[in-house]
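Now for the letters of each chain:
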Amino acid sequence: MNKTECKKILKKAYRQVIAHDKSITPSSIEEEIKVVINEHSLEYIAYSKLAINNMQHSANDTITLKDLLAEIDILPRIYTKRLAIEKSKNIC
């Protein structure tokens, strides 16, 4: 387990519980953690799909992990999280 990532997710879930005026219980934290993780997964999947799609339509013959990771570094500067998710829905 990555403790820093866990703490980050827990902080965000905690803030959401407080923002929705819910009491802090194991079940309310669990629900919010699931929401936070789902949001993160949508974002990660979207940027990954965009990176692969961009690489497929570039002049490169082969797609390497190094190229994909470089593309992932650039994409958040080009697309907001919301826009990336929307654009990735059109990619099969």
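Everything numeric here is computed off the predicted structure, so don't read it as measured data.

*Asks:* Would you mind going over the overall build of the protein chain in detail, with residue names and values included?
*Replies:* Each helix and strand in the protein chain was counted, giving four helices and zero strands. Starting at the N terminus, the α and β elements of the protein chain follow one another as α-α-α-α. The C-alpha radius of gyration of the protein chain comes to 17 Å, more than 25% above the 12 Å expected for a compact globule of 92 residues. Principal-axis analysis of the C-alpha atoms gives the protein chain an extent of 55 × 30 × 20 Å. Burial status across the protein chain gives 23% buried among its 92 residues. Total accessible area on the protein chain is roughly 7,000 Å²; 57% of this is exposed by carbon and sulfur atoms. Across the protein chain, the 15 positively charged side chains and the 12 negatively charged ones have centroids separated by 4 Å.

*Asks:* Let's hear about the environment of Ile29: which residues, and what values?
*Replies:* By the element assignment, Ile29 lies in helix H2 (residues 26–56). The residues contacting Ile29, other than those within four sequence positions of it, are Leu10, Ala13, Tyr14, Val17 and Ile24.

Reading the values: the criteria
- Residues numbered from 1 in each chain as written.
- Predicted model: local features only at pLDDT ≥ 70, side-chain atom pairs only at ≥ 80, totals over all residues.
- Heavy atoms only, no water.
- Helix = DSSP H or I, 4+ residues; strand = E, 2+ residues; numbered from the N terminus.
- Rg over C-alpha atoms; globule rule 2.2 N^0.38 Å.
- Buried < 20%, exposed > 50% of the residue type's maximum accessible area, 1.4 Å probe, protein only.
- Areas by Shrake-Rupley, 256 points an atom, 1.4 Å probe, with all protein chains shown as cover.
- Lys, Arg positive; Asp, Glu negative; His and termini not counted.
- Charge placed at Lys NZ, Arg CZ, Asp CG, Glu CD.
- Contact = heavy atoms within 4.5 Å.

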